[in-house]
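# Working through the structure, step by step
Spelled out, the chains give:
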Amino acid sequence: MDITLHLATTLKTLRQTRGWSLSKLADETGVSKAMLGQIERNESSPTVSTLWKIATGLNVPFSAFITPEADRQAVFDPQQQAMVVKPLFPWDETLGFDYFSITLAPGALSESTPHEAGVIEHVVVVSGELEMKIDDTWQTISANSGVRFAGDKPHAYRNSSDRTVHFHSLIHYPR
């Protein structure tokens, strides 16, 4: 199944299962009703940031949208955006985590809205230098180093270099 079609189908199913209108979904996610409708109709592919807002508003793991059951190697690269997310170990209900391999293009900035309460993120840089904004402070994380932080607060990822940064993100969801 095409990943954008999977995303569209999953979003519509999750919304309808809850009995929510597009207006209610917009209120819960902070994403416009028009954009949500376009995503559901497979007319638009959201950015990583928008997809995080949707997952958080629906209280579901991010990988639910980007990992069709038949294709565990799906890569989410919306419209050739600057942040590419590949699930290494998609949502594991027993352990309560998602594990991603992420690349951030030179000059890219990705701001993340807070995830649900209690979410903890672990970020380990594989290559390059990643700048992260945590608790309103920017810090640089070099290759073979990492950081753990509360994912339920605003945070951001930035690549100020001229080389792609590769990092892993392990996201623990509360039970």
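Residues numbered from 1 in each chain as written. Predicted model: local features only at pLDDT ≥ 70, side-chain atom pairs only at ≥ 80, totals over all residues. Heavy atoms only, no water.

With that out of the way, let us pick up unusual backbone geometry. Although it is not a glycine, Asp-136 adopts a positive phi angle of roughly 65°. Examined against the element boundaries, Asp-136 turns out to sit in the loop between strand E5 (129–134) and strand E6 (137–142). Residue Asp-136 is classed as exposed on the basis of its relative accessible area, which comes to 70%. (Helix = DSSP H or I, 4+ residues; strand = E, 2+ residues; numbered from the N terminus. Buried < 20%, exposed > 50% of the residue type's maximum accessible area, 1.4 Å probe, protein only.)

Between side chains of opposite charge, a pair can form when the charged atoms approach closely. As enumerated under the stated definition, the model contains 5 salt bridges in all. For Glu-43, the salt bridge is made with Arg-41, and the minimal N-O distance between the two is 3.2 Å. The class for Glu-43 is exposed, based on a relative accessible area of 54%. Here Asp-135 and Lys-153 are joined by a salt bridge, their closest N and O atoms 3.9 Å apart. Highlighted residues: Asp-135 in the loop between E5 and E6 and Lys-153 in the loop between strand E7 (146–150) and strand E8 (155–158), separated in sequence by 18 residues. (Salt bridge = Lys/Arg side-chain N within 4 Å of Asp/Glu carboxyl O.)

Another point: the environment of Ser-101. Here Ser-101 is to be found in strand E2 (residues 97–104). When its relative accessible area of 13% is taken as the criterion, Ser-101 is described as buried. Through-space distance from the C-alpha of Ser-101 to that of Asn-144 is 14 Å; in sequence the pair is 43 residues apart. When near neighbours in sequence (up to four residues on either side) are disregarded, Ser-101 contacts Val-84, Val-85, Lys-86, Leu-88, His-166, Phe-167 and His-168. A distance of 2.7 Å separates polar atoms of two side chains, one belonging to Ser-101 and the other to His-166. (Contact = heavy atoms within 4.5 Å. Polar contact = N/O pair within 3.5 Å; in protein donor to acceptor, adjacent residues only side chain to side chain.)

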